[in-house]
Amino acid sequence: MVLTKGILLALFAVPFAASAATVTPLRDGWRLQSACVAKADGATISAPGFATRDWLKTSVPSTVFAAQTADNVYPDPYFGMNLRNVPGVSYPIGANFSNLPMPGDSPYRCGWWYRTEFKASADASHDQRLWLHFGGINYRGDIWVNGQRIADETTVAGAYRTYDFDVTDFVKSGETNVLAVETFAPSEKNLGINWVDWNPCPPDKDMGLWGNVDLVQTGPVTLRSPLAVTHFTDESLSAADLTVYAELRNATAHSVRGVVQGTAAGVHFEEPVELAPNEDREVIFTPEQFPQLHIRNPMPWWPYQMGEPHLEHLDMKFVGHDGTADEQDVEFGFREMTSELTVTGARLFRINGKPLLIRGAGWSQDMLLRTNERRLQDQFRMVRDMHLNTIRLEGKLETEEFFHLADEQGILVMLGWCCCDHWEHWSSWTAEDLTIATASLRAQLLRLRHHASLLVWLNGSDNAPPANVESAYLKVEAEMHWPNPILASASSTVTINSGLSGVKMSGPYDYVEPSYWSVDQHYGGGFGFNTETSPGPAIPSLASRKKFLTDPDAWPPTADWSFHNGGGKFTNLKVFDDAMAAIYSAPHSAAEYERMAETMEYDSERAMFEAYSKNKYVSTGIIQWMLNNAWPSMIWHLYDYYLDPGAGYYGTKKACEPLHVQYAYDDRSVVVVNSTYHAAEGLHVKVDVHGLGWRPLYSAEATVNASSDSSIRVLTLPDSLYIGPERIFFIDLMLSDAAGRRISRNFYWVPGTLTSFDWEATQYTNTPPLRYEDLSALTHLPLAELQSSAEIAEKPHGREIRVHLENTSKELAFQIHGEVQTASGELVAPVLWSDNWIELTPGEDTTLAAEIPDDVTDALTVKIESWNVQPVTLTPKTAAAAH
């Protein structure tokens, strides 16, 4: 097929966003229709005057199914089993639709047209150029402007490629112009945006214009993808060498002379260049050639737990005889990411020469790829609230705003390709697949490489690519000057090109008892770098369940509940449910199930992170699978789809607090973990152990000096404590500073006999027990009494509810949980508590604070519940009235 003349700039992956370029987002005013309905060709559809009155209205970015959902073509696909009623959704529940062909009755077997109209004012007489920028098309596309085809589906192929087309010759200045794009869904043999066992796949496989579309006016030369790479000359960090890169393109048919000018952190540099007609050229500024790029006393960028995430500006422009042709301004940080293998073969990451225990979780976009800036900001706030330092992206490469927030807030990002679909089906790849894969990699690296927060790129996920594919990836990464470590995969696979990965992906992904993480020495336990693992299910609260289930309080759970489990091996919660029944008791209602599930999640998430913290740097990293969900789900999250933090959230927050005291299941030790980079001297540790009936069994105190970034065993509970009939030990740990201020409080319920594991029966999902532990006595705790009150106060960024609790009885109050709702019982989220799912010993009191989102103006109530306290609902008084 012969295309109308146009220039494709697939290399220039960074969106046009600079003072020398006029960027017009083509966001609103789009129409959408199936090609099987429109029944017209691209020349006709992209001509002025073509009637689209009966087409769906939409904005971009949006997938086809997201647009239909927004226009109520189909009822909320996240509610109940509505998704199964969409035409074409006939594949088995739990199957990986990414690996299946589009069903014959699917409306998404057809192409879908996006059409919009725009005006332009380009002045071509002065070598001004007009470009169309596409930030993401899934999967193939035909692009038309004013009746002329600009590119077809042989050129536009690949969900993670970006495109810039010179449309100067096709756009009419001052007149209405038409852009029409026919998009085609990925097949099971394409490198699409795919969902595996996390959640169902949308019926359109996320086809459509999922990235921004912009009209951009520049001069004759474009400058793209500026990058400043830091190398500190020594460990003092008092001097840094910067090497600066940028991509130039002469978009004209004649040579152009000019000057490339740049300013990095206030330091100026420039160099004259002459570009041949239609020439692409990379420009490089080195400190050897430009001594001013040897920077004295730079302010380093740090992950927020290590220091300030200080950002600088890199401004680069091309100046020709008519002035500035193009300019880019990006933020960067003086930072240097490196990695190494420890003596035990674990991958250890260093930031600016300092080691960091990676503690993070796996990220998911919305299943329909919808974006919401406030929602994104809330989630970054929640990551920091849990004291996590890293987010992992397995595919699902996020928006510019995501990476900007990561840079600004000092949160590291692991990123790379997805598993379990055509991305890892290398044996069936065609030559086109390899071309698309490398082009996708090139586009994403150019788009992202300047960001300070990027820790590592993974060329594979569950598996490492074969030698030829890995070599092709490594070649692109070298050409793009990727400034960070590269791993062949997220698993322990050894490759010819890269050798040992130093990471493991050995599970578990389903429930295991808390002691597993400390006692396991061969699989997912607290050693090495575990790139994805989890204790499995995470049951949303009733208030959340009301938002996505037809029967949120049903018992036993119905098919609606099960549909919101995972896929593949995770379509049921049998492992979790069996453990609950054996260890605690069989629940008799949804409320009992939720209560016991939350406690199991708290205990297991805390134990997982604590095992890795205790063993640093024999352990070097742990990624919880997952942080969030693509849709409302019963598994794999620390906060649910509606941003409601579960008990696992607070178990994680407890385990990862900066100065922390913890119990170790493997050796019965009490350990102080200092995750700060400052020494903490004169710390005081107090240990109290009680049995059932709150019978005192043991008490001890110790003083400890915790050096920076350390894990210190303070004392070990005596063996004699565990000899006897005690079924449960309540272990209460307190850490105070030298002035007596409480720093950390940690409370455990430890069975007299731990679960014994059937190691030989281990699967990637979990290690089953030979014998369950017994915590059933917790279901029969004597009733405790709480005095409670709540007040609400205005804060600069919202409201805060303070809840005062006092245990006025002689019994332990176990797993006290506060929940903020509207007066009508609706969910309020995200609500971030200072602590939650806590214990109060006899006579003890505490005050908990809950941050309320600033957009919530409803009257609020606070529900207080516990395993052994009568539930109560409080109406907060205003702070002034409370006094």
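Each chain has its residues counted from 1, running along the sequence as written. Per-residue local features of the predicted model are confined to residues with pLDDT of at least 70, and side-chain atom pairs are confined, for both listing and counting, to 80 or more; whole-chain, interface and lining totals are unaffected and use all residues. Working from all heavy atoms in the structure, the side-chain values ignore hydrogens and water.

Section: the overall build of the chain
Rule in force here: Going along the chain from the N terminus, every DSSP run of H or I of four or more residues is numbered as a helix, and every run of E of two or more is numbered as a strand. A radius of gyration in this sense is built from C-alpha atoms; the matching globule rule multiplies 2.2 Å by the number of residues raised to 0.38. Only protein chains enter the accessibility calculation, which uses a 1.4 Å probe; a residue whose area is less than 20% of its type maximum is buried, one above 50% is exposed, and one in between is partly exposed. Contacts: residue pairs with any heavy atoms within 4.5 Å of one another. In this tally Asp and Glu are treated as negative and Lys and Arg as positive; neither His nor the chain ends contributes. A single reference atom marks each charge: NZ on Lys, CZ on Arg, CG on Asp, CD on Glu.
Tallying secondary structure elements over the chain gives 14 helices and 50 strands in all. A compact globule built from 883 residues would reach a C-alpha radius of gyration of about 29 Å, and the chain, at 29 Å, matches this within 12%. Taken along the three principal axes of its C-alpha coordinates, the chain extends 90 × 65 × 60 Å. Looking at the chain as a whole, 63% of its 883 residues qualify as buried. Look at the contacts in the chain between residues 6 or more apart in sequence, and 72% of them connect residues 24 or more apart. Averaging the coordinates of the 66 positive side-chain charges in the chain and doing the same for the 111 negative ones gives two points 1 Å apart.

Comments concerning the state of the cysteines
Defined as follows: Note on terminology: disulfide denotes any pair of cysteine sulfur atoms within 2.5 Å.
For the structure shown, the criterion picks out two disulfides. Linked covalently through their sulfurs, C36 and C110 form a disulfide whose S-S length is 1.8 Å. Measuring the twist about the S-S bond at about -95 degrees, one finds the C36-C110 disulfide to be left-handed. Of the two residues, C36 sits in helix α1 (residues 35-38) while C110 sits in the loop between α3 (64-70) and β6 (112-119), which places them 74 residues apart along the sequence. Paired by a disulfide, C419 and C420 hold their sulfur atoms 2.1 Å apart. The sign of the S-S torsion, about -80 degrees, decides the handedness of the disulfide formed by C419 and C420: left-handed. If one numbers only the bonded cysteines of the chain, in the order they occur, the disulfide pattern is 1-2, 3-4. Lacking any disulfide linkage, C418 is separated from the closest cysteine sulfur, that of C419, by 5.0 Å.

Side note on the sheet that holds strand β21 (residues 312-320)
The strands making up a sheet are joined through hydrogen bonds of the backbone, oriented either antiparallel or parallel. Applied cut-off: Being paired, for any two strands, means DSSP has found at least two bridges between them. Every angle, taken between N-to-C directions, lies between 0 and 180 degrees, and every axis is a line fitted to C-alpha atoms, over only the stretch in contact when it is a helix.
Strand order in the open sheet formed by four strands is β18-β17-β21-β22, and the pairing between neighbours is antiparallel. Either end of the sheet is taken by a strand with one partner, and the two such strands are β18 (267-275) and β22 (323-332). If you compare each strand with its neighbour and ignore which way they point, the axes differ by 15 degrees on average.

Some details on the sheet that holds strand β43 (residues 798-807)
Pairing is mixed across the open sheet formed by five strands, whose spatial order is β45-β47-β43-β42-β50. The open sheet has two edge strands with one neighbour each: β45 (832-833) and β50 (877-878).

Re the side chain of S364
Residue position: S364 is located in the loop between β26 (358-363) and α4 (373-385). Ignoring sequence-local partners within four residues, the contact set of S364 consists of W195, W198, M626, N628, N629 and A630.

Some thoughts on empty space enclosed by the protein
Selection criterion: A cavity here means a set of 1 Å grid points, computed over protein atoms only, where a 1.4 Å probe fits but cannot escape. A pocket is an open set with protein on both sides within 12 Å along at least 5 of 7 lines, and lining residues have an atom within 4 Å of a point. Grid points are joined across faces, edges and corners, and a volume is the space filled by probe spheres set on the points.
Counted under the stated rule, the structure contains ten cavities of 30 Å³ or more. When its volume is computed, the largest cavity comes out at roughly 180 Å³. If you go around the largest cavity, you meet 20 residues; those closest to its centre are D644, P645, H817, E819 and W837. Only α12 (590-614) and β44 (813-822) provide two or more residues apiece to the lining of the largest cavity.

As for the packing of aromatic side chains
Note the cut-off: Working definition: rings of Phe, Tyr and Trp (its six-membered ring) pair if their centres are within 6.5 Å, and the pair is stacked with planes under 30 degrees apart, edge-to-face with planes over 60 apart, and tilted otherwise.
Inspection of every chain in the model, using the stated rule, returns 56 aromatic pairs. Judged by centre distance (5.3 Å) and plane angle (85 degrees), the rings of Y78 and Y641 are edge-to-face. Placement of the pair is Y78 in the loop between α3 and β6 and Y641 in the loop between β32 (619-624) and α13 (647-655), with a sequence separation of 563 residues. Grouping residues by exposure puts Y78 and Y641 together as buried. Between the aromatic rings of W555 and Y593, the centroid separation amounts to 5.1 Å while the plane-to-plane angle is 45 degrees, which identifies the pairing as tilted. Taken as a pair, W555 in the loop between α9 (542-545) and α10 (559-563) and Y593 in helix α12 lie far apart in primary sequence, 38 residues in all. Classification of W555 as partly exposed rests on a relative accessible area of 31%. The exposure class assigned to Y593 is buried, which follows from its relative accessible area of 3%.

Re α12
Operational definition: To estimate how far a helix should reach, multiply one less than its number of residues by 1.5 Å.
An ideal rise of 1.5 Å per residue puts 36 Å on 25 residues; α12 measures up with 36 Å between its terminal C-alpha atoms. In terms of burial, α12 is a largely internal element, 22 of the 25 residues being buried.

Comments concerning the pattern of salt bridges
Side chains that differ in charge, positive against negative, can pair when their charged atoms come close. Put simply, the test is: Salt bridge, as used here: a side-chain nitrogen of Lys or Arg that lies within 4 Å of a carboxyl oxygen of Asp or Glu.
This model, assessed by the stated rule, comprises 41 salt bridges. Salt-bridge contacts for D855 lead to R374; the nearest nitrogen and oxygen are separated by 3.8 Å. On the criterion of sequence distance, the pair formed by D855 in the loop between β47 (845-852) and β48 (860-865) and R374 in helix α4 is long-range, its members being 481 residues apart. Judged by its relative accessible area of 54%, D855 falls in the exposed class. A residue is classified by how much of its surface remains accessible, and R374, at 28% relative accessible area, is partly exposed. Of the charged contacts in the structure, one is a salt bridge between E851 and R381, with a shortest N-O distance of 3.0 Å. Residue E851 is found in strand β47, and its partner R381 is found in helix α4; the two are separated by 470 residues along the sequence. Members of the salt-bridge network, linked through shared partners, are R374, D378, R381, E851, D854 and D855.

Some details on the packing of helix α11 (residues 574-583) against α12
For clarity, the cut-off: Comment on the angle field: the value is read as roughly parallel under 35 degrees, roughly antiparallel over 145, roughly perpendicular from 65 to 115, and oblique elsewhere.
One can describe the packing of α11 onto α12 by two numbers: an axis separation of 11 Å at closest approach and a directional angle of 100 degrees. Taken together, α11 and α12 sit at an angle that is classed as roughly perpendicular. Between α11 and α12, the contacting residues are F576, D577, A579 and M580 on the first element and Y593, M596, A597, M600 and E601 on the second.

Description of the pairing of strand β3 (residues 30-34)
Burial analysis of β3 places four of its five residues in the buried class, which makes it a mostly covered element. Bridge analysis of β3 against strand β4 (residues 56-58) gives three bridges, and the strand direction is antiparallel. Pairing of R31 across the sheet is with K57, part of β4. Here four bridges tie β3 to β6, and the two strands are oriented antiparallel to one another. Bridging across to β6, L32 finds its partner in Y114.

Some words on the confidence of the model for the chain
A low pLDDT means the predicted coordinates there should not be read in detail. For clarity, the threshold we go by: pLDDT is defined as a per-residue confidence score from the predictor, taking values between 0 and 100.
When pLDDT is averaged along the chain, the result is 95, and 97% of the positions lie at 70 or above. Ignoring residues within four places in sequence, the model shows residues 1-19, a span with pLDDT below 50, making 67 contacts including any to other chains.

Quick notes on the environment of D709
Operational definition: Polar contact criterion, stated in full: a pair of N or O atoms within 3.5 Å, where within protein one must be able to donate a hydrogen and the other to accept it, and residues adjacent in sequence count only if both atoms are side-chain atoms.
By secondary structure assignment, the location of D709 is in the loop between β36 (695-706) and β37 (710-716). Taking C-alpha positions, D709 is 4.9 Å from S675, a pair spaced 34 residues apart along the chain. Residues within four places of D709 in sequence aside, it is in contact with P355, K616, Y617, N674, T676 and Y677. For D709, the side chain forms a polar contact with the side chain of K616, separated by 2.8 Å.

Quick notes on the nonpolar core
One broad rule of soluble globular proteins: the nonpolar side chains tend to lie buried together. Applied cut-off: Joining through side-chain atoms within 4.5 Å is the link that ties buried Ala, Val, Leu, Ile, Met, Phe, Trp, Tyr and Cys residues into a set, and such a set is a nonpolar core.
Membership of the largest hydrophobic core comes to 262 residues, with the highest contact counts inside it found for F134 and L179. Counting residues per element, this core draws most heavily on α12, at eleven residues. Formed by seven residues, the second largest nonpolar core is a distinct cluster that contains A35, I45, W55 and W144.

A closer look at a nonpolar patch on the surface
The following threshold applies: Residues with no salt bridge and a relative accessible area higher than 30% make up the patches, which join like charges within 9 Å and nonpolar side chains (Val, Leu, Ile, Met, Phe, Trp, Tyr) within 5 Å. Note on areas: Shrake-Rupley, 1.4 Å probe, and residue coverage restricted to the protein chains presented here.
Taken together, the side chains of L341, V494 and L500 define a hydrophobic patch exposed on the protein surface, amounting to about 270 Å² of accessible area. By secondary structure assignment, the location of V494 is in the loop between β30 (486-487) and α8 (516-519).

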